[in-house]
Amino acid sequence: MSAVRGLRKLSRVALRGASSRDLPDAIEHVAKVHRAHHPGADLRPLRRAYVLAESSHRGQTRKSGEPYITHPLAVTLLLAQLGAETTTLTASLLHDTVEDTAVTLDQVRREFGEQVCYLVDGVTKLEKVDYGSAAEPETFRKMLLATGNDVRVMAIKLADRLHNMRTLGVMRREKQVRIAKVTRDVLIPLAERLGIQALKSELEDLVFAVLHPEEHARTRELIQEHNARPDPLTAFAAQVRRTLREAGIAAEVLIRPRHTVSVHRLRLKRGQLGDCDFARLLVLVEEDADCYAVLGELHTCFAPLVSQFKDFIAVPKFNLYQSLHTAIADQDGRVAEVLVRTRRMHRVAETGVIALGDPHASAAAEARDATERAGAPAGAGPQERTDPTRPGWLSRLLEWQSHAPDPNTFWQELRDELAQDLEITVYCAVPGAEGSGGSALPLPAGATCVDAAYARLGEAGHRCIGARVNGRLAALTTVLRDGDSLQLFLEPGQGSPSGPSPEWLAHVRTPSARLAIREWLSAHGQPTPDRQNPGQDPDQQDPDRQPAGQPQPAAEVPAGSTAPAAVNGTEPATGAAPRPAVRTARTRRRERTAQQPAGHDRYAENVPVVPGRPGAPVRLARCCTPVPTDAVTGFPVRGGAITVHRESCQSVARMASDGRLTLPVRWEQGAVGCRVTLRAEAFGRPRLLADLTETIAAHGAAVVAADVEPPREQRVRHTYTLQLPDASELPALMRAMLRVPGVYDVTRSARPVAD
């Protein structure tokens, strides 16, 4: 309410005119709020900025009829209340001058310096006359690029949008809805990522009122009914204060009401709200250690709900947020949610990057300023991250946007990126990287191994053919979890990469991976399937989707055909790593064939053929995986197909004893490779799997399926079903695998890896 009264005061001052006597009054309230956060702030830039803004906007009015100067004043007051420093407030006063008046950026630079000019330029919209329908997405692209160097640009934009949303009622209904949807899809997620909860919460409530007026009215009615009754949290808070006082812990206990959207979400989650669900208890202390002392007392003197406990102090959120979350029940069974944090943490939780001040200030100066603002004792350094200029999500965004020149593509990818409101960290290693754990790699929640490959390697991600997650082979489409250890396997670096599979697009979550895959497929003339099912809303997609595709039955495989890689007995999604590896083998085969003179047919592959049945489909049995030069026999199966087995296969003797018809089979030259299953016995050691798969890829073979048995007495067994471009290369491959350090035996397996 104090903010509303302040804005009304500014409006009255502006309405009275712009005489010299009124100028100090118009800016005085902003200056007073600013000095409360920054006692030593120099107010002269603010006064000069107000004079320029007022004179430039003089005669302009808003749709509400108020003088236009009330808007930059209101935006500046919002930022001052959040504790923004003088440079930000100066730029906010001038943020519409270049866009709507005759003031130029050069004039702003001359009078206020480079930083203010940069901030004003960052929030200045692009003209529809020049950009047409692309003006809005390109304006946001411009703002995000500017935010990459100075997050204060987005802070000003968020405050600007909040005041516009407060006064949206004078707009046409259709325009209100359009602005509210952009606010919901883009600006609210940006406020969340920058940690500016004070702006985010009010923006959510205003958008909720525009897009869902009936639900908003119902929720407001519930809140008003609750407020008309005695609040049980008042007595609960008194009990907590008494408990902490008796324990000798200096703490302030407050009742923190939920905002409208928070109440609505909780009602949808629980169905019915209790009297303690409309607010939470907030406990503020001075030191980090006090937070855990408070937690111990609460869990000792009250009944804790262990499932509700979360420690965001030890593991902060990606948007700078730190706090302890818990829930406790009193003797009457009433449950209250409790937030425990330091005063410094509370300031950062409310204002995010704004609390960290000027990102260009030196680390020492910023640390001293943060300590003074938080009221910490002299000499106490900051306990939270102090450089929000380039958080991980923003770095990713700035990287992929350069690969999306089309405004519509950028706009859709931006909305998709911001819809992912959680972030994880995985520890990713690639062949040749130092250390076994790999380096930390931030990714959005729901990201897969493919996303990690492109995030870590860029365009070299096209060479990724496999992955190991937490020590186990996994499909590239496997969804990663926070804290996972990831090992990526790449095909050899010689020659052009085999490239990604089109099916990868159904599993990637990051725009950088999606754009890189689409660009490669487009350049190589391959189809690019839609990112989502026809008619499916992007907002309805499951953020934790697992690799798609169902395991196929363990039946025979057509001779020379390829299949997705199976790992540990489970068939992965279509488009997993081995698809490009198979393509690599074929590509290399074609290259070798093209280099041979006419008549050199020794490089043509052999396929099984049944005399007298030229049209019958021939399939290689999975139980023995015959290859050219093996003595083979065939058995007819349902559907007219013929299954080919090695004559030494145990299945042949069994089916022959059952009276099954046998057919002669011979090998003839064809255009496809052969399939074989190899078993490698080795002593367990780090990187054994990586070395074996690299050796296999170096000989042009594709991994169709693989299985690694648990180590026994420091010995391991690897079983690979491989697709070879030429059966004559099998002995050389087996010798190469035997040369891998630690491997002491490589043999043909009688049975392939189970699918």
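Colleague: Now, about the overall build of the protein: what can you tell me, with residues and values included?
Modeller: Within the protein one finds 27 helices and 23 strands. For the protein, the proportion of its 755 residues judged to be buried stands at 52%. Restricting the contact set of the protein to residue pairs at least 6 apart, pairs at least 24 apart contribute 69%. Carbon and sulfur atoms form 51% of the exposed surface of the protein, whose accessible area is close to 34,300 Å².

Colleague: Residues and numbers for the packing of helix α12 (residues 173-193) against helix α21 (residues 407-418), please.
Modeller: The geometry of α12 relative to α21 is characterised by a closest axis approach of 9 Å and an angle of 50 degrees between their N-to-C directions. Here α12 is positioned oblique relative to α21, judged by the angle of their axes. Regarding α12 and α21, the two cross each other, and that crossing is left-handed. Along the contact surface, α12 presents Val-182, Asp-185, Val-186, Pro-189, Leu-190 and Arg-193, while α21 presents Trp-411, Leu-414, Arg-415, Glu-417 and Leu-418. Looking at the contact of α12 with α21 residue by residue, the classes come out as 7 nonpolar, no polar and 4 charged.

Colleague: How would you explain unusual backbone geometry if you had to name every residue and give the values?
Modeller: Positive phi, close to 55 degrees, is recorded for Asn-470, a residue that is not glycine. The exposure class assigned to Asn-470 is partly exposed, which follows from its relative accessible area of 46%.

Colleague: Quick rundown of the packing of aromatic side chains? Include the residues and the values.
Modeller: Taken as a whole, this structure holds 2 aromatic pairs when the rule is applied. The lysine or arginine in question, Lys-317, covers the ring of Phe-312, its NZ or CZ lying 4.9 Å from the ring centre. Lying across the ring of Tyr-321, Lys-317 places its NZ or CZ 5.0 Å from the centre.

Colleague: Account for the layout of surface pockets, with residues named and values stated.
Modeller: It is a probe the size of a water molecule, rolled over the atoms, that shows where empty space is left. Considered as a void within the structure, the second largest pocket measures approximately 1,100 Å³ in volume. Taken together, 35 residues line the second largest pocket, and the ones lying closest to its centre are Glu-99, Lys-125, Asn-164, Lys-175 and Arg-178. For the lining of the second largest pocket, the secondary structure elements donating two or more residues are α6 (97-100), α10 (135-149), α11 (152-166) and α12. A class-by-class count of the residues in the lining of the second largest pocket yields 12 nonpolar, 9 polar and 14 charged.

Colleague: Help me get a handle on the confidence of the model for the protein, residues and values and all.
Modeller: The pLDDT averaged across the protein works out to 76; a share of 76% of its residues lies at or above 70. Of all helices and strands in the protein, the one with the weakest mean pLDDT is strand β13 (residues 566-567) (34), whereas strand β2 (residues 279-285) scores best (94). Here residues 370-389 scores under 50 on pLDDT; set against residues more than four positions off or in separate chains, the count is 39 contacts. Counting interchain partners and residues more than four positions distant, the pLDDT-below-50 stretch residues 433-437 has 5 contacts.

Colleague: Which residues make up the nonpolar core, and what values do they have?
Modeller: Leu-94, Val-108, Leu-158, Ile-196 and Leu-414 are the most contacted members of the largest nonpolar core, which totals 76 residues. Looking at which element gives the most residues to this core, the answer is α12, with 9 residues. Among all residues touching Leu-94, those that are not within four sequence positions of it are Ala-49, Leu-52, Ala-53, Val-108, Phe-112, Val-116 and Val-120. If you look at the next biggest cluster of nonpolar residues, it comprises 30 residues, including Leu-688, Met-737, Val-740 and Val-743.

Colleague: Please provide a residue-by-residue account of the side chain of Ser-323, values included.
Modeller: Along the chain, the position of Ser-323 falls in the loop between β4 (310-311) and β5 (324-329). A polar atom in the side chain of Ser-323 sits 3.5 Å from the side chain of Arg-341. Leave out the neighbours within four places in its chain, and Ser-323 touches Lys-310, Asp-311, Phe-312, Ile-313, Leu-339, Val-340 and Arg-341.

Colleague: Can you lay out the sheet that holds strand β11 (residues 485-490) for me, pointing to particular residues and giving the numbers?
Modeller: Within a sheet, each strand pairs with its neighbour through backbone hydrogen bonds, oriented either parallel or antiparallel. One open sheet accounts for 5 strands, arranged β8-β7-β11-β9-β10; its pairing is mixed. Each edge of the open sheet is held by one strand with a lone partner, namely β8 (439-444) and β10 (472-474). Each strand of the sheet is rotated relative to its neighbour by a mean of 40 degrees, with strand direction disregarded. Relative to β11, strand β7 (residues 423-429) runs parallel, the two sharing 3 bridges. Note that in β11 the partner of Ala-429 across the bridge is Gln-487. Helix α26 (residues 688-698) contacts β9 (464-469), β10 and β11 of the sheet and is inclined by roughly 20 degrees relative to β11.

Colleague: Got a sec to walk through the packing of helix α5 (residues 86-93) against helix α8 (residues 114-123)? Specific residues and values, please.
Modeller: Packing of α5 against α8 brings their axes to within 9 Å, and their N-to-C directions diverge by 50 degrees. One way to sum up the angle between α5 and α8 is to call them oblique. α5 and α8 meet at a crossing whose hand is right-handed. On the side of α5, the interface is formed by Thr-87, Thr-88, Thr-90 and Ala-91, while α8 contributes Gln-115, Val-116, Leu-119 and Val-120.

Colleague: Explain helix α7 (residues 105-112) to me, and be specific about the residues and the numbers.
Modeller: Of the residues making up α7, those classed as buried are Gln-107, Val-108 and Phe-112. The buried residues of α7 occupy an angular sector of 100 degrees when projected down its axis, which confines them to one face. Buried residues in α7 make contact with α3 (44-57), α5, α6 and α8. Two residues or fewer after α7 comes Gly-113, characterised by a positive phi angle close to 100 degrees.

Colleague: Tell me what's going on with the side chain of Thr-342, and back it up with residues and numbers.
Modeller: Summarising the element assignment, Thr-342 is placed in strand β6 (residues 335-342). Residue Thr-342 is classed as buried on the basis of its relative accessible area, which comes to 1%. Setting aside anything within four residues of it in sequence, one finds Thr-342 in contact with Leu-284, Val-285, Glu-286, Glu-287, Asp-288 and Cys-291.

Definitions and limits used
Residues numbered from 1 in each chain as written. Predicted model: local features only at pLDDT ≥ 70, side-chain atom pairs only at ≥ 80, totals over all residues. Heavy atoms only, no water. Helix = DSSP H or I, 4+ residues; strand = E, 2+ residues; numbered from the N terminus. Buried < 20%, exposed > 50% of the residue type's maximum accessible area, 1.4 Å probe, protein only. Contact = heavy atoms within 4.5 Å. Areas by Shrake-Rupley, 256 points an atom, 1.4 Å probe, with all protein chains shown as cover. Axes fitted to C-alpha atoms, helices over the stretch in contact; angles between N-to-C directions. Parallel < 35°, antiparallel > 145°, perpendicular 65-115°, else oblique. Left-handed = near helix turned anticlockwise from the far one by under 90°. Nonpolar A, V, L, I, M, F, W, Y, C, P; charged D, E, K, R; others polar. Phe/Tyr/Trp six-rings, centres within 6.5 Å; stacked < 30°, edge-to-face > 60°. Lys NZ or Arg CZ within 6 Å of the ring centre and 35° of its normal. 1 Å grid on protein atoms, 1.4 Å probe; cavity = no way out; pocket = protein on both sides within 12 Å on 5 of 7 lines; lining within 4 Å. Points joined across faces, edges and corners; volume = space filled by probe spheres on them. pLDDT = per-residue confidence, 0-100. Core = buried A, V, L, I, M, F, W, Y, C linked by side-chain atoms within 4.5 Å. Polar contact = N/O pair within 3.5 Å; in protein donor to acceptor, adjacent residues only side chain to side chain. Pairing = 2+ DSSP bridges. Arc of directions from axis to C-beta.

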